[in-house]
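Chain by chain, the residues run as shown.
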Amino acid sequence: LRSDREGGGVALCASKDLNPTFLCDGGDAVEAITVTIHLKGMKINVTSAYGPLENALTQKKLAFWSYLSEQAQQARASGTGFIVQGDLNSWLGPQLLPGDTRPQNGNGKLFQKFLEGNKLICVNSLPLTKGLVTRRRRYLKEMRESTIDFYVVCEHVLPLVKEMNIQNHTEHNLTR
């Protein structure tokens, strides 16, 4: 639970078959949790995260991306695979996310820096991904669409990803 308000936060569920173990979380400052799983003989650190909003304090944004970078660097140093999934509240823009109708925002720039600095791959931007829009909301009389939920992997995990389907029109508004 968030310490500064009621409800919310992040969760991460892993099948017992994957031998999950809790690794760490972001504490009160960062809404993220990381577990280690074992898949096809590979150890993988998986992080579920909820990124700060575009208008959040810079300090909060930097703490969030620092946590994710630390997790990526620790995984790389130990030869462990790495996955980040979640609502990162970022618009990457069409240069990084083909078909994106939103221009890259400040959070998108921090996300890009995170990807490049840690040599990670945003699966949403790959041809194996079907669908684009992860958020559809009605605002007044207008329907607003954007992509703010992302699935990111390292080069060791990428061969395990065969396809990703983004389904925003069903009752389960998640990336699968």
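Reading guide: rules and limits
- Residues numbered from 1 in each chain as written.
- Predicted model: local features only at pLDDT ≥ 70, side-chain atom pairs only at ≥ 80, totals over all residues.
- Heavy atoms only, no water.
- Helix = DSSP H or I, 4+ residues; strand = E, 2+ residues; numbered from the N terminus.
- Rg over C-alpha atoms; globule rule 2.2 N^0.38 Å.
- Buried < 20%, exposed > 50% of the residue type's maximum accessible area, 1.4 Å probe, protein only.
- Pairing = 2+ DSSP bridges.
- Phe/Tyr/Trp six-rings, centres within 6.5 Å; stacked < 30°, edge-to-face > 60°.

Enquirer: Explanation requested: the overall build of the chain in the structure shown.
Expert: The number of helices and strands found in the chain is two helices and ten strands. Reading the chain from its N end, one meets helices and strands in the order β-β-β-α-β-α-β-β-β-β-β-β. The globule rule puts the C-alpha radius of gyration for 176 residues at 16 Å, and the 16 Å found for the chain is close to it. For the chain, the residues scored as buried account for 40% of the 176 residues in total.

Enquirer: Would you mind showing me how to read the environment of alanine 56 here?
Expert: Structurally, alanine 56 can be placed in the loop between strand 3 (42–50) and helix 1 (58–78). Judged by its relative accessible area of 22%, alanine 56 falls in the partly exposed class. Between the C-alpha atoms of alanine 56 and lysine 113, which are 57 residues apart in sequence, the distance is 18 Å.

Enquirer: I would appreciate a short explanation of unusual backbone geometry in the present structure.
Expert: Glycine aside, residues mostly have negative phi angles, and peptide bonds mostly take the trans form. Even without glycine at this site, lysine 40 takes up a positive phi of about 50°. Within the element layout of this structure, lysine 40 appears in the loop between strand 2 (32–39) and strand 3. In this structure lysine 40 comes out as exposed when scored by relative accessible area, which is 72%. Positive phi values are uncommon outside glycine, yet asparagine 89 reaches one of about 50°.

Enquirer: How should I be thinking about the pairing of strand 8 (residues 142–146) in this particular structure?
Expert: The two faces of the sheet receive side chains in turn, since in a regular strand these alternate between them. Pairing of strand 7 (residues 135–139) with strand 8, which is carried by five bridges, proceeds in the antiparallel orientation. What sits directly across from arginine 138, in strand 8, is methionine 143. Counted along the chain from strand 7 to the antiparallel partner strand 8, the turn is two residues long, and its residue leucine 140 has a positive phi close to 55°.

Enquirer: Can you walk me through the packing of aromatic side chains in this structure?
Expert: The tally for this structure, following the rule as stated, stands at four aromatic pairs. Residues tryptophan 65 and phenylalanine 111 carry aromatic rings whose centres are separated by 5.5 Å and whose planes lie at 25° to one another, so their mutual orientation is stacked. One end of the pair, tryptophan 65, is in helix 1; the other, phenylalanine 111, is in helix 2 (residues 106–118), and 46 residues separate them in sequence. Taken as a pair, tryptophan 65 and phenylalanine 111 share a single burial class, namely buried. Measuring from ring centre to ring centre gives 5.4 Å for tryptophan 65 and phenylalanine 114, while their planes differ by 50°; the resulting arrangement is tilted. Linking tryptophan 65 in helix 1 with phenylalanine 114 in helix 2, this pair joins segments that are 49 residues apart in sequence.

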